[in-house]
Each structure stands twice: as structure tokens, then as C-alpha cells.
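Chains, contacts and geometry: an overview
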Amino acid sequence: MGEALSVVVWSKQGCHYCEEVKQYLKEKEIAYQTVDVTNHDDRRDILEIKYGVRHVPIIEIGRGSVYESVTEIGIPHLEKVLKRVQ
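Below you will find a few notes about this structure. All values derive from a computational prediction rather than experimental measurement.

**Some details on the nonpolar core**
- Core analysis: the biggest nonpolar cluster contains 14 residues, and Val7, Val21, Leu25, Ile59, Ile61, Leu78 and Leu82 have the highest contact counts within it.
- Contributions of two or more residues to this core are made by strand S1 (5-11), helix H1 (16-27), strand S3 (58-63) and helix H3 (75-85).
- Counting residues per element, this core draws most heavily on H3, which supplies five residues.
- Residues within four places of valine 7 in sequence aside, it is in contact with Leu25, Ile30, Ala31, Tyr32, Gln33, Ile59, Glu60 and Ile61.
- Counting nine residues, the second-largest nonpolar core is a separate cluster that includes Cys15, Cys18, Val53 and Ile58.

**What to know about the pairing of S3**
- In terms of burial, S3 is largely enclosed, as five of its six residues are buried.
- Relative to S3, S1 runs antiparallel, the two being bridged by six bridges. Counterpart to valine 7 in the pairing with S3 is isoleucine 61.
- Direction of pairing for S3 relative to strand S4 (residues 66-70): antiparallel, over a ladder of five bridges. Across the sheet, residue isoleucine 61 finds its bridge partner in S4, namely glutamate 68.
- Between S3 and S4, which pair antiparallel and follow one another directly, the connecting turn spans two residues, one of which, glycine 64, has a positive phi of 60 degrees.

Thresholds applied
- Residues numbered from 1 in each chain as written.
- Predicted model: local features only at pLDDT ≥ 70, side-chain atom pairs only at ≥ 80, totals over all residues.
- Heavy atoms only, no water.
- Core = buried A, V, L, I, M, F, W, Y, C linked by side-chain atoms within 4.5 Å.
- Buried < 20%, exposed > 50% of the residue type's maximum accessible area, 1.4 Å probe, protein only.
- Helix = DSSP H or I, 4+ residues; strand = E, 2+ residues; numbered from the N terminus.
- Contact = heavy atoms within 4.5 Å.
- Pairing = 2+ DSSP bridges.

Keep in mind that these numbers describe shape and distance, not what the molecule does.
Structure (C-alpha cells):
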């Protein structure tokens, strides 16, 4: 059997788009971990280094050592990547 799907949602408190992503994943019964960037500029620095952005949500999806990131806002972008990796 293949590696388990790993999903990480970078988010902040009070972010409507972040909550939308988390709700979508819950509805699809996709387990995820959250990295909260609220009051943590060092975590935003990581996003800037990795993806050239400081905004959230950023979703990292993958299996094993192969990951794709969703840096664009909107469920359709998330769905595209999920279809490729599931």
C-alpha cells in the first residue's frame, strides 16, 4: 500500500479563507495538520522562503517525500491538487 496522504494547512485566526479550507477538508474526511501563523512572523518567513508569499491559507499536500503546494486562494485550486495526489 502507498504512503498515507499528508495535508498541512498554514492558517491564522480570523481568516475566512482558512476556515473555508478546513471545513472543506473535514467534509471530505481528509485529515490535516494546522500550522498557525497568528503572531508568528517567523512562520510567515518560512512561507516567504518556500513559496515567495506571506499570506495564508497555504496548503501542502503530498505522499512520502513528494509534495505539492496550493498557494492560490479558492477551493477549486485545492481540488485540482487533491485529484492529482489521491
